[in-house]
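# Residue-level structure breakdown
One letter stands for each residue in the lines below.
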Amino acid sequence: EFGGAVAEKELVDVTTREDVAAFVQAGVPVVVLSPGKSRLFYEGNPVVFGGAVREVVGDVEEAQAVAVVDHAGNPIGWGTYNSESMYRVRMLWLCSIDGSFTAADMDV
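Below you will find a few notes about this structure. Counting of residues starts from 1 at the beginning of each chain's written sequence and follows it residue by residue. Side-chain atom pairs in this predicted model are given and counted only at pLDDT of 80 or more, local residue features only at pLDDT of at least 70, and totals for whole chains, interfaces and linings cover all residues. Water and hydrogen atoms play no part in the side-chain values, which are based on all heavy atoms of the structure.

### Quick notes on the sheet that holds strand E3 (residues 53-57)
Applicable threshold: Here a strand pair is declared whenever DSSP counts at least two bridges between the two strands. Helix and strand assignments come from DSSP, with helices taken as H or I runs of at least 4 residues and strands as E runs of at least 2, each series counted from the N terminus. Angles shown run from 0 to 180 degrees and are taken between the N-to-C directions of axes, each axis being a line fitted to C-alpha atoms and, for helices, limited to the stretch in contact. We call two residues contacting when some pair of their heavy atoms lies within 4.5 Å.
The mixed open sheet is built from six strands, whose spatial order is E2-E6-E5-E4-E1-E3. Each having just a single partner strand, strand E2 (47-49) and E3 make up the two edges of the open sheet. Ignoring which end each strand starts from, the neighbouring axes of this sheet average 35° apart. Both strand E1 (residues 30-33) and E3 contribute to a ladder of four bridges, which runs antiparallel. Paired with Val30 across the bridge in E3 is Val57. Against the sheet, helix H1 (residues 18-25) touches E1, E3, strand E4 (65-69) and strand E5 (75-81), its axis set at about 145° to E1.

Right, dumping it as structure tokens:
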């Protein structure tokens, strides 16, 4: 399971979380959502709009697979990144539907 609850508006350095650090160490960029934006993905939303992104941790290339986490570092899922689109990430895996994942699961 992933850490304790964090206040919805509290900003956290997500790179201190073991699961996020594992992605970064494996060379997988991590898209961190702004507070209040993760609820949509627990309901199955397949795209991340640019305005929902707080930051990107790591170097990311166009169409690269990225992990997506909420503002506290809790994994949401993974998808492909596009900095030119209003849809920054097209989700291919949602934890709420597909279960947890690791960097090894992201081989696309």
